[in-house]
2 protein chains.
Amino acid sequence: MLPGVGVFGTGEIANVLVPLLREKGFEVRAIWGRTLKEAKETATAQNVSFHTNVIDDVLLRKDVDLVFIVCQPFLHAEISVKALGIGKHVVCDKPAGLHQQDALKMVRASQYYPTLISLVNHPLRFLPAFTHMRRCLQEELIGPLPEVVLMDVRVQMGTLFPEKYNWMCDAQMGGGALNLVGSVVDLVTFLLQQQAVRVHGVLRAYTKTTPAINGIRQITAPDFCNFQMELASGTLVTVALHSHTVPAKAFSQEVLVYGSKGHLVVRGGDLFVLKEGQPKEEAVYVDVQDLHFATNNSLLPRPYIKGLCKMVGALKEAFGSKESSWVKAPVSTAATFEDGLYVQAVVEAIRKSNESRQWQRVQLSTDAPLNHDQIIRYARMSTM
Amino acid sequence: MLPGVGVFGTGEIANVLVPLLREKGFEVRAIWGRTLKEAKETATAQNVSFHTNVIDDVLLRKDVDLVFIVCQPFLHAEISVKALGIGKHVVCDKPAGLHQQDALKMVRASQYYPTLISLVNHPLRFLPAFTHMRRCLQEELIGPLPEVVLMDVRVQMGTLFPEKYNWMCDAQMGGGALNLVGSVVDLVTFLLQQQAVRVHGVLRAYTKTTPAINGIRQITAPDFCNFQMELASGTLVTVALHSHTVPAKAFSQEVLVYGSKGHLVVRGGDLFVLKEGQPKEEAVYVDVQDLHFATNNSLLPRPYIKGLCKMVGALKEAFGSKESSWVKAPVSTAATFEDGLYVQAVVEAIRKSNESRQWQRVQLSTDAPLNHDQIIRYARMSTM
């Protein structure tokens, strides 16, 4: 039997997620909102019988065994850690909290409760074009993985900012292009199975106001990012994220991977390959329009909704096993909380690079004491 | 009457240039090559009656009044300066010599002989899509020029390297992507009428050998460049140059300029605009296929050939005036030797940034003595 679901959040994603969960057979038992009013609105719109603005009221419900956290990032760590502590499975939307300290708390909790599911929602990992691309890379269709020399990502979208002011407009909250950067950074790890050693980036906040957001609170989150990463093997990753493009709901995405024997490229939802010595690209996977509900009104790009849909399908499979409460295989490609921590470290390094005008090393926070470096230095000096 | 032309060079461009000059009514009187053999081959192929490997033998000819320098860059400064000294008009291919010192010599000579034409061949300035884009920017179609916030350039081409090893394969000679970088840097100045203050860049030389170049001499010139420039007004320019794309002769180019009231974009040879509040892009200029001769066998991208064709047309107009030996108006949009010097300064800063992993200030060499900074500093100190 599938677990009952509690949804934390009342925004765009919550409104896409609830019908999607139902379609796959999950029962949505509770909606949490920051205010009772927001919770009530979403619960009414989505026809969910229980709503609240008290976190524990969802977590303590016996008919809720899986929580989806799709609210403001500054609550991600608190709710995730609490939920795992009470014994609930957790799928937390990106980003994994506000900064590495948040993500680290989440990692610790997930390691402490390994029998519970703890995933970060990076839906592109479930988009068929990318799962196929990953398989092609593993099967060395364009040469061995360590010989991938270059990956180039280009994302253009109409607008990053919602109708009403929320955390996506706020730089401190990790909004705007920073959130998109996180998705791309995660996608790189997923495809190339490597982490970044150092990064360089330029961030810009060109959009200050929109027709709807033009009062005292203005947009501070960047809407533009151009960044480069160098991976452990020396592979270079170049990324351009624009959100000036039009029409407002447009979304285009191109991901190119150059290996020693050709290249693979995802355009939109389709995957193509060009093998060395061949005159032109061949289609490897062509996207099928199989979303059963209208998404035209959502600000979420279609590939993200489609990925989310596949992810919920994978969760259904994971819980549908008869042997135990859940099995790992169907969700093994999903992002873990550790992946979330790494993404935070890269995003932090890009922010720092934007300020320092230099390449920055990616520094992953660990459980080591804060004066770790100092201790090591003294230890070395005393043995000299 | 149009001046007789001497062509320095026997490569790709020479073979495109000669028929193009003839089409516009210029007489090609002499071909110079580094070796007599090369000079003879090109002269025979192009049906030019005189060939030589002695520079002065072309420059001293009375029937040559205009020289096109399309040979190896390390000779550009020497031939340009000599030609102007003898009283010949000069069109020199990009780059303007090997480094700023070369370009500076050329600038001095051109300033000393202002009655002679002295231009750098940056053909994109003459491509109709870009001349129209420039006019649209000046007419503030997408808002005032200083409010242009972002320009994004993406160039993908099959291969940068010729059949036989030449200077384009050599990093020290300014070959490969560095030459392409120069074209883009010049295009930015042409369109936005502003110079870069600082730059950041990543260069890579992925291609070491080709089926034809795989002996002792390998390719050292980069075939990939990703760079960013900050202009005086704060405008950001982001550029991605790839030459891994296929098929081998493919060439695609997208130049996007975002203003405060919309954007302009050149794709291939066509220009589109999107004005604020409009639902979609409109075509401003659509390219017409008006090249009268086959260019399929040339490594030169079509827009460059087309631009070169228009430039020769402009030269014809400039010399065709009855009032004086030449008039400036038709060639007033062409790149001057000063422009060539600036491009060298930017390319040098990008190379430096690639090594230092930091943003670099663009430092233009001037006629000032080498210890100029020191003198100024002492002078300031003594008045304190």
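Residues numbered from 1 in each chain as written. Chains lettered and ligands numbered in written order. Predicted model: local features only at pLDDT ≥ 70, side-chain atom pairs only at ≥ 80, totals over all residues. Heavy atoms only, no water.

Per an unreviewed UniProt entry, chain A goes by the name GL18471 and belongs to Drosophila persimilis. The UniProt entry for chain A carries this comment under Sequence similarities (unreviewed entry): "Belongs to the Gfo/Idh/MocA family." (UniProt positions renumbered as here; feature names shortened; annotations may be inferred.)

(A) Quick look at the UniProt feature "domain: Gfo/Idh/MocA-like oxidoreductase N-terminal" (unreviewed entry) in chain A. As annotated by UniProt and renumbered to match this structure, "domain: Gfo/Idh/MocA-like oxidoreductase N-terminal" (unreviewed entry) occupies residues 5-110 of chain A. Here residues 5-110 of chain A is 47% helix and 20% strand, with 19 Å between the C-alpha atoms at its ends. (Helix = DSSP H or I, 4+ residues; strand = E, 2+ residues; numbered from the N terminus.)

(B) Structural view of the pairing of strand E10 (residues 236-242) of chain A. Residue and element names in this part refer to chain A. Summarising burial for E10: seven of the seven residues are buried, a large majority. The two faces of E10 match: Leu-236, Thr-238, Ala-240 and His-242 on one face and Val-237, Val-239 and Leu-241 on the other face are all buried. Alignment of strand E7 (residues 150-157) against E10, held across seven bridges, turns out to be parallel. Within the sheet, the bridge partner assigned to Met-151 lies in E10 and is Val-237. Alignment of strand E9 (residues 224-231) against E10, held across seven bridges, turns out to be antiparallel. Of the residues in E10, the one forming a bridge with Glu-230 is Leu-236. (Buried < 20%, exposed > 50% of the residue type's maximum accessible area, 1.4 Å probe, protein only. Pairing = 2+ DSSP bridges.)

(C) Geometry of helix H4 (residues 76-86) of chain B. Among the residues of H4(B), those classed as buried are B:His76, B:Ala77, B:Ile79, B:Ser80, B:Ala83 and B:Leu84. B:Gly87 lies just past H4(B) and shows a positive phi near 95 degrees.

(D) How the structure looks around the relation of the copies chain A and chain B. Rotating chain A by 180 degrees and moving it 0.0 Å along the rotation axis overlays it on chain B with an RMSD of 0.0 Å. Put plainly, the chains are arranged around a two-fold axis. For chain A, the smallest separation between a C-alpha atom and the rotation axis is recorded for A:Gln358, amounting to 2.2 Å. Of the interface residues in chain A, 100% have counterparts in chain B that sit at the interface too, so the contact is made through matching surfaces. (Least-squares fit on C-alpha atoms with pLDDT ≥ 70 in both. Contact = heavy atoms within 4.5 Å.)

(E) Representation of empty space enclosed by the protein in the model. Counted according to the given criterion, the structure contains two cavities of 30 Å³ or more. Taken as a whole, the largest cavity encloses approximately 100 Å³ of empty space. Together, 14 residues line the largest cavity, and A:Asn226, A:Ala240, B:Asp152, B:Asn226 and B:Ala240 are the ones closest to its centre. At the level of elements, E7 and E10 of chain A together with strand E7 (150-157) and strand E10 (236-242) of chain B are the ones that each hand at least two residues to the lining of the largest cavity. Looking at the lining of the largest cavity residue by residue, the class counts come to six nonpolar, four polar and four charged. In this model, the second largest cavity occupies a volume close to 40 Å³. Taken together, B:His122, B:Pro123, B:Leu124, B:Arg125, B:Ser183, B:Asp186, B:Leu187 and B:Tyr304 make up the lining of the second largest cavity. Looking at the lining of the second largest cavity residue by residue, the class counts come to four nonpolar, two polar and two charged. (1 Å grid on protein atoms, 1.4 Å probe; cavity = no way out; pocket = protein on both sides within 12 Å on 5 of 7 lines; lining within 4 Å. Points joined across faces, edges and corners; volume = space filled by probe spheres on them. Nonpolar A, V, L, I, M, F, W, Y, C, P; charged D, E, K, R; others polar.)

(F) Geometry of the packing of helix H1 (residues 12-23) of chain B against helix H8 (residues 302-320) of chain B. Residue and element names in this part refer to chain B. Two numbers describe how H1 lies on H8: the axes approach to 10 Å, and their chain directions differ by 40 degrees. Judged by the angle between their axes, H1 and H8 are oblique. As for how H1 packs across H8, the hand of that crossing is right-handed. Taken together, the residues of H8 that come into contact with H1 (itself represented by Ile-13, Val-16, Leu-17, Leu-20, Leu-21 and Glu-23) are Ile-305, Leu-308, Cys-309 and Val-312. Among the residues forming the contact of H1 with H8, the class breakdown is nine nonpolar, no polar and one charged. (Axes fitted to C-alpha atoms, helices over the stretch in contact; angles between N-to-C directions. Parallel < 35°, antiparallel > 145°, perpendicular 65-115°, else oblique. Left-handed = near helix turned anticlockwise from the far one by under 90°.)

(G) Spotlight on the domain arrangement of chain A. Residue and element names in this part refer to chain A. Taken domain by domain, chain A holds domain 1 (2-122 + 300-335) and domain 2 (125-287). Here the C-alpha centroids of domain 1 and domain 2 sit 25 Å apart. On the domain 2 side, the residues contacting the 20 residues of domain 1 number 17 residues. Summed over both sides, the interface of domain 1 with domain 2 buries roughly 1800 Å², with 66% coming from carbon and sulfur. The three residues of domain 1 that bury the most area against domain 2 are His-122, Tyr-304 and Thr-333, which together make up 31% of that side's buried surface. Where domain 1 meets domain 2, there are one salt bridge. Across the salt bridge formed by Lys-306 and Asp-287, the nearest N and O atoms sit 2.7 Å from each other. Applying the counting criterion to the domain 1 and domain 2 interface returns six residue pairs in polar contact (both at pLDDT 80 or more). No other element matches the seven residues that helix H8 (residues 302-320) contributes to the side of domain 1 that touches domain 2. Broken down by class, the residue content of the side of domain 1 that touches domain 2 amounts to 13 nonpolar, four polar and three charged. (Domains from an automatic or database assignment. Buried area = accessible area lost by both parts, 1.4 Å probe. Salt bridge = Lys/Arg side-chain N within 4 Å of Asp/Glu carboxyl O. Polar contact = N/O pair within 3.5 Å; in protein donor to acceptor, adjacent residues only side chain to side chain.)

(H) Quick look at the environment of B:Leu341. Structurally, B:Leu341 can be placed in helix H9 (residues 337-356). Sequence-wise, B:Leu341 and B:Ala96 are 245 residues apart; in three dimensions their C-alpha atoms are separated by 6.8 Å.

(I) Structural view of the environment of B:Leu116. Residue and element names in this part refer to chain B. Within the fold, Leu-116 resides in the loop between helix H5 (100-112) and strand E6 (118-121). Put simply, Leu-116 and Gly-87 are 29 residues apart on the chain and 7.1 Å apart in space, counted from C-alpha to C-alpha. Non-local contacts of Leu-116, meaning those with residues more than four positions away in its chain, are made with Leu-84, Gly-87, Lys-88, His-89 and Trp-326.

(J) Highlighting the packing of aromatic side chains. One pass over the full model with this rule turns up eight aromatic pairs over all chains. Measuring from centroid to centroid gives 6.2 Å for A:Phe251 and A:Tyr304, while their planes differ by 85 degrees, and the two rings are edge-to-face. One end of the pair, A:Phe251, is in strand E11 (residues 251-259); the other, A:Tyr304, is in helix H8, with 53 residues separating them in the sequence. The buried category is assigned to A:Tyr304, whose relative accessible area is 6%. The side chain of A:Arg357 reaches across the aromatic face of B:Trp359, ending 5.3 Å from its centre. (Phe/Tyr/Trp six-rings, centres within 6.5 Å; stacked < 30°, edge-to-face > 60°. Lys NZ or Arg CZ within 6 Å of the ring centre and 35° of its normal.)

(K) The pattern of salt bridges, seen in detail. Residue and element names in this part refer to chain A. For the structure on display, the rule yields 28 salt bridges over all chains. As a salt-bridge pair, Asp-56 and Lys-82 come within 3.1 Å of each other at their nearest N and O atoms. With Asp-56 in helix H3 (residues 55-59) and Lys-82 in helix H4 (residues 76-86), this pair connects stretches of sequence that are 26 residues apart. Accessibility expressed as a relative area gives 27% for Asp-56, which makes it partly exposed. Classification of Lys-82 by relative accessible area gives partly exposed; the value is 35%.

(L) Examining the sheet that holds E9(A) more closely. All names here are of chain A. Taking strand neighbours across the sheet as the criterion, the nine strands line up as E14-E13-E12-E11-E7-E10-E9-E8-E16 in an open arrangement whose pairing is mixed. The outermost strands of the open sheet, each flanked by one partner alone, are strand E14 (282-285) and strand E16 (360-361). Relative to E11, E7 runs antiparallel, the two sharing eight bridges. Looking across to E11, one finds that Gln-156 is bridged to Ser-252. Its contacts with the sheet put helix H6 (residues 128-138) on E11, strand E12 (262-267), strand E13 (270-275) and E14, and the angle it makes with E12 is roughly 170 degrees. Relative to E9, helix H7 (residues 177-192) is tilted by about 25 degrees, and along the sheet it contacts E7, strand E8 (196-204), E9, E10 and E11.

(M) Focus on the interface of chain A and chain B. Facing 30 residues of chain A, the contacting portion of chain B comprises 30 residues. Together, the buried faces of chain A and chain B total about 2800 Å²; carbon and sulfur atoms form 56% of this surface. Here A:Asp152 ties to B:Arg154 by a salt bridge, and the two come within 3.2 Å at their closest N and O atoms. Where chain A meets chain B, there are 19 residue pairs in polar contact (both at pLDDT 80 or more). Broken down by secondary-structure element, the contributors of at least two residues to the side of chain A that touches chain B are E7, E8, E9, E10 and E11 of chain A.

(N) Molecular detail of the pairing of strand E2 (residues 28-32) of chain B. Residue and element names in this part refer to chain B. Of all five residues in E2, four are buried; the element is thus mostly enclosed. Here four bridges tie strand E1 (residues 5-8) to E2, and the two strands are oriented parallel to one another. Bridge pairing in E2 links Val-5 to Val-28. Taken together, E1, H1 and E2 form a β-α-β motif whose crossover is right-handed. (Right-handed = clockwise from strand over helix to strand, strands pointing away.)

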